Amino acid sequence: MLKDRQLKPEHVVIEDQYVRKNVRGTIVLTRLVGMLQYMLFTQFKIMPYIMAPTMIYAVLPFNAHKMDKKSYHKAVVEYVYKTYNVELTSVDEAFAILLALTFERKKNELLSQ
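Bear in mind the structure is a predicted one, so any value in this text is a computation, not a measurement. (Residues numbered from 1 in each chain as written. Predicted model: local features only at pLDDT ≥ 70, side-chain atom pairs only at ≥ 80, totals over all residues. Heavy atoms only, no water.)

### With respect to the layout of surface pockets
Here the idea is plain: a probe the size of a water molecule rolls over the atoms and shows the empty space left.
Inference 1: When its volume is computed, the second largest pocket comes out at roughly 170 Å³.
Inference 2: Along the walls of the second largest pocket sit Val13, Ile14, Glu15, Gln17, Leu29, Val33, Ala96, Leu99 and Ala100, which together make up its complete lining.
Inference 3: Broken down by secondary-structure element, the contributors of at least two residues to the lining of the second largest pocket are β1 (13–15), α1 (23–44) and α3 (91–111).
Inference 4: Its residues placed into classes, the lining of the second largest pocket shows 7 nonpolar, 1 polar and 1 charged. (1 Å grid on protein atoms, 1.4 Å probe; cavity = no way out; pocket = protein on both sides within 12 Å on 5 of 7 lines; lining within 4 Å. Points joined across faces, edges and corners; volume = space filled by probe spheres on them. Helix = DSSP H or I, 4+ residues; strand = E, 2+ residues; numbered from the N terminus. Nonpolar A, V, L, I, M, F, W, Y, C, P; charged D, E, K, R; others polar.)

What follows is the structure, given as structure tokens:
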């Protein structure tokens, strides 16, 4: 169980999911995210932030709007690898890192106002 570990996150960011074709998958995914939110709140007293995947555009040094999906994913993985020297096994890991960085940037912008 998580309470037995030494994890004490201050914030948790969950990527908002968009599933267009598979209604059943959307329902399952929504339930899982709901259970994750419940667990995070009951275990850590943390209300997670839900962020759209497009929020990472704020931290990318290139214009993602002008790229096809395959080129975009490749560029994201290369950017994370080159910038943070992190070995990745999937594009999803790169997105997770960039969502966390985007959250930190947005949080810092709000705190500086």
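The discussion continues.
### Here's the deal with the packing of aromatic side chains
Inference 1: Going through the model one piece at a time under the given rule, you end up with 4 aromatic pairs.
Inference 2: A ring pair is formed by Tyr49 and Phe103, whose centres lie 4.7 Å apart and whose planes are at 45°; its orientation type is tilted. Of this pair, Tyr49 sits in strand β2 (residues 49–51) while Phe103 sits in helix α3, and the two are 54 residues apart along the sequence.
Inference 3: Using a relative accessible area of 38% as the deciding quantity, one classes Tyr49 as partly exposed.
Inference 4: Judged by relative accessible area, which is 9%, Phe103 ranks as buried.
Inference 5: Consider the rings of Tyr57 and Tyr72, whose centres lie 6.1 Å apart with planes at 80°: the pair is edge-to-face. Of the two residues, Tyr57 sits in the loop between β2 and α2 (69–84) while Tyr72 sits in helix α2, which places them 15 residues apart along the sequence.
Inference 6: The exposure class assigned to Tyr57 is partly exposed, which follows from its relative accessible area of 28%.
Inference 7: Site record: aromatic cluster; members linked through ring pairs are Tyr57, Tyr72 and Phe95. (Phe/Tyr/Trp six-rings, centres within 6.5 Å; stacked < 30°, edge-to-face > 60°. Buried < 20%, exposed > 50% of the residue type's maximum accessible area, 1.4 Å probe, protein only.)

### Topic: the nonpolar core
Inference 1: Counting residues in hydrophobic clusters, the biggest one holds 15 residues, and the most contacted among them are Ile56, Leu60, Tyr72, Val76, Val80 and Leu98.
Inference 2: Broken down by secondary-structure element, the contributors of at least two residues to this core are α2 and α3.
Inference 3: Non-local contacts of Tyr72, meaning those with residues more than four positions away in its chain, are made with Ile56, Tyr57, Leu60, Phe62, Ala64, Met67 and Phe95.
Inference 4: One finds Val12, Leu40, Phe44 and Ile46 within the second-largest nonpolar core, a separate group that totals 5 residues. (Core = buried A, V, L, I, M, F, W, Y, C linked by side-chain atoms within 4.5 Å. Contact = heavy atoms within 4.5 Å.)

### Digging into the confidence of the model for the protein
Inference 1: Averaged over every residue, the pLDDT of the protein is 85; the share at 70 or more is 92%.
Inference 2: Within the protein, the element-level pLDDT minimum falls on β1, averaging 86, and the maximum on α2, averaging 92. (pLDDT = per-residue confidence, 0-100.)

### What to know about the side chain of Thr102
Inference 1: Along the chain, Thr102 falls in helix α3.
Inference 2: Among the residues examined, Thr102 registers a relative accessible area of 1% and is labelled buried.
Inference 3: Discounting chain neighbours no more than four positions away, the residues touching Thr102 are Met51, Met55, Ile56 and Val59.

### What to know about α3
Counting along an α-helix, one turn takes 3.6 residues, and residues three or four places apart therefore face a common direction.
Inference 1: With 21 residues, α3 should reach 30 Å at 1.5 Å per residue; the first-to-last C-alpha distance of 30 Å fits that figure.
Inference 2: Listing the buried residues of α3 in full gives Ala94, Phe95, Leu98, Leu99, Thr102 and Phe103.
Inference 3: Buried positions along α3 lie against β1, β2 and α2. (Expected span 1.5 Å × (residues − 1).)

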